[in-house]
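Listed here are the chains, written in short residue letters.
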Amino acid sequence: QVQLVESGGGSVQAGGSLRLSCAASGRTYNYAMGWFRQAPGKEREFVAAINYNGGVTDYADSVKGRFTISRDNAKNTVYLQMNSLTPEDTAVYYCAADPGELVRAPRELTKYDYWGQGTQVTVSS
């Protein structure tokens, strides 16, 4: 069983930066990992994903060029560096793990078996 704990959320002004971390309790070095977000009244949506060794990454169009996903398998931790934040980025951000995927960095929410509790990111204008 894998447990995921997100941290690093908070409040920031537009144009600012935050770095989210996702620490896994179990070994996730061979899992694809993803970040998703959910704004009030909206469905959870894909943000970014990374394959098991960091060689493949994928981003939602809305964050491409501003966000960077990375991982440190020695620390069982995945990161999301968020730059040039806008109020539209305000949401609860969730980390997720896909144990069934080795090569790709999946966008599909349903492929992820393990989820964290989420961390709030609030961007003010």
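Conventions adopted
- Residues numbered from 1 in each chain as written.
- Predicted model: local features only at pLDDT ≥ 70, side-chain atom pairs only at ≥ 80, totals over all residues.
- Heavy atoms only, no water.
- Pairing = 2+ DSSP bridges.
- Helix = DSSP H or I, 4+ residues; strand = E, 2+ residues; numbered from the N terminus.
- Axes fitted to C-alpha atoms, helices over the stretch in contact; angles between N-to-C directions.
- Salt bridge = Lys/Arg side-chain N within 4 Å of Asp/Glu carboxyl O.
- Buried < 20%, exposed > 50% of the residue type's maximum accessible area, 1.4 Å probe, protein only.

Caption draft 1: Fine view of the sheet that holds strand S7 (residues 67-72). The antiparallel open sheet is built from four strands, whose spatial order is S1-S3-S8-S7. Two strands close off the open sheet at either side, each with one partner strand: strand S1 (4-7) and S7. Put simply, the sheet's adjacent strands are angled 15 degrees from each other on average, direction ignored. Here strand S3 (residues 18-24) runs beside strand S8 (residues 77-82); their pairing, made up of six bridges, is antiparallel. Note that in S8 the partner of Arg19 across the bridge is Gln81.

Caption draft 2: Up close: the pattern of salt bridges. By the definition in use, this model includes seven salt bridges. As a salt-bridge pair, Arg37 and Asp89 come within 2.9 Å of each other at their nearest N and O atoms. Here Arg37, found in strand S4 (residues 32-38), pairs with Asp89, found in the loop between S8 and strand S9 (91-98); they are 52 residues apart in sequence, far enough to count as distant. In this structure, the salt-bridge partner of Arg107 is Asp58, at a minimum N-O distance of 2.5 Å. Of this pair, Arg107 sits in the loop between S9 and strand S10 (114-115) while Asp58 sits in strand S6 (residues 57-59), placing them 49 residues apart in sequence. Accessibility expressed as a relative area gives 22% for Asp58, which makes it partly exposed. Each of Arg37, Glu45, Arg66 and Asp89 takes part in one network of salt bridges that share partners.

Caption draft 3: Here's a closer look at the pairing of strand S5 (residues 45-50). Among the six residues in S5, five count as buried, and that is most of the element. Direction of pairing for S4 relative to S5: antiparallel, over a ladder of five bridges. Paired with Gly34 across the two strands is Ala49, which belongs to S5. Hairpin connection of S4 to S5: six residues between the antiparallel strands, including Gly41 at a positive phi of 80 degrees. Pairing between S5 and S6: three bridges, direction antiparallel. When the sheet's bridge partners are listed, Ala49 is paired in S6 with Asp58. Taken together, S5 and the strand that follows it, S6, pair antiparallel across an intervening segment of six residues, in which Gly54 is found at a positive phi of about 80 degrees.

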